[in-house]
Amino acid sequence: MEKVAEILAEASAEAVEPRFRALAAGEVMEKAPGEVVTVADREAEQIITRRLRELLPVPVVGEEAVAADPALARALLSEPAVWLVDPVDGTSNFVAGRPDFAVMASLVRGGQTVAAWIWQPVTGTAYAAELGSGAWRNGHQLTRTPAGDAPEKWRGVLKSRFLEPAEHHRLRTNARVFGHLSEGLRAAGIEYPQIADGDQDFILYWRTLPWDHSPGSLLVTEAGGTSARLDGTPYHPEPPGGRDGLLVASDPATWERTRAILLGTPT
């Protein structure tokens, strides 16, 4: 666990942090409409990939590698063990000079995330989780307390960017009962730790790319929270293009109540 945390921090120090608020012309590119990538993403992924393979020689499914060759993501379905890597989660924040970005990795065995790491460079905060063993922030174990039984006091995030207009309206209407609702910070590596730390009570995601959600989902569940598809099945990382919709919450009861509110009929 410690070795992977070191790999992420060292790759960040070498390829990411020196370019924060210092990206040169030509170091930011558009890899898809509305999605940017930087030389920091690509260099950090190369470093992390090489060093993870030295640690455990299994396939590495990295965000930027999959952008170049989507077939690489099939390893999540065909291989007994796979590394997942997001070299700069929250790239748009990184490009804009905002501090909300992270470097992430996870280990998937038999289709289930068994270990996860999130490094937040700006604050120097390291999160880690191991299946059945717990979740930690800078070495201190995390235990998430339930959100309570008053939705009007809950703090949540509704990620609506990829929703159809009618579904967006329905969910937004139903969500009015919650105490505070936001669009989030455009970085799963910041948002999931907020659930584990107690700063948010739930998040509804729609698009669920595996490198974005595998690390944080394990962090939250090992801290005592819940991460599950809207039909109640536990989250497992899948190649892009799989199922949409993922609800993450502070505890099982809050997950159930949040789903009932969001998916209910507006009054």
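If you're wondering where the values come from, they're calculated on a predicted model, not measured in any experiment.

A.B. asks: Could you clarify how one ought to interpret the side chain of S217 in this entry?
C.D. replies: With respect to the secondary-structure elements, S217 resides in helix 8 (residues 210–222). Among all residues touching S217, those that are not within four sequence positions of it are Y192, S227, Y235 and L246.

A.B. asks: Teacher, can you tell me more about the packing of aromatic side chains here?
C.D. replies: The description of an aromatic ring pair rests on the distance of the ring centres and on the angle between the ring planes. Taken as a whole and assessed by the stated rule, the structure comprises seven aromatic pairs. When the ring of W83 is compared with that of W117, the centres are 6.1 Å apart and the planes differ by 45 degrees; the resulting orientation is tilted. Placement of W83 in strand 4 (residues 81–89) and of W117 in strand 6 (residues 112–120) is noted, with a sequence separation of 34 residues between them. Judged by relative accessible area, W83 falls into the buried class, the value being 3%. On the accessibility criterion, W117 (4% relative accessible area) is buried. Relative to Y205, the ring of Y192 has its centre 5.3 Å away and its plane inclined at 15 degrees; by these criteria the two rings are stacked. Note that Y192 is positioned in helix 7 (residues 188–197) and Y205 in strand 12 (residues 202–205), a separation of 13 residues in sequence. Just as Y192 is buried, Y205 falls in that class too. The rings of F20, F94 and F101 are connected pair by pair, giving a single aromatic cluster.

A.B. asks: Would you explain the sheet that holds strand 4 in this entry?
C.D. replies: Strand-to-strand pairing in sheets goes through backbone hydrogen bonds, with the strands running parallel or antiparallel. Reading across the sheet, the seven strands line up as 3-4-5-6-7-8-9 and stay open at both edges, with mixed pairing between neighbours. The sheet is open, and its two borders are formed by strand 3 (60–62) and strand 9 (140–141), each paired with just one other strand. Sheet topology note: the strand 4/strand 5 (residues 102–109) ladder contains seven bridges and is antiparallel. The residue of strand 5 that forms the bridge with D89 is A102. The sheet contacts of helix 7 involve strand 4, strand 5, strand 6, strand 7 (125–130) and strand 8 (134–137), and relative to strand 6 the element is tilted by about 105 degrees. Lying on the sheet, helix 8 is in contact with strand 3, strand 4, strand 5, strand 6, strand 7 and strand 8; it crosses strand 6 at an angle near 100 degrees.

Basis of the calculations
Residues numbered from 1 in each chain as written. Predicted model: local features only at pLDDT ≥ 70, side-chain atom pairs only at ≥ 80, totals over all residues. Heavy atoms only, no water. Helix = DSSP H or I, 4+ residues; strand = E, 2+ residues; numbered from the N terminus. Contact = heavy atoms within 4.5 Å. Phe/Tyr/Trp six-rings, centres within 6.5 Å; stacked < 30°, edge-to-face > 60°. Buried < 20%, exposed > 50% of the residue type's maximum accessible area, 1.4 Å probe, protein only. Pairing = 2+ DSSP bridges. Axes fitted to C-alpha atoms, helices over the stretch in contact; angles between N-to-C directions.

Don't take any of this as a statement about function, it's just geometry.
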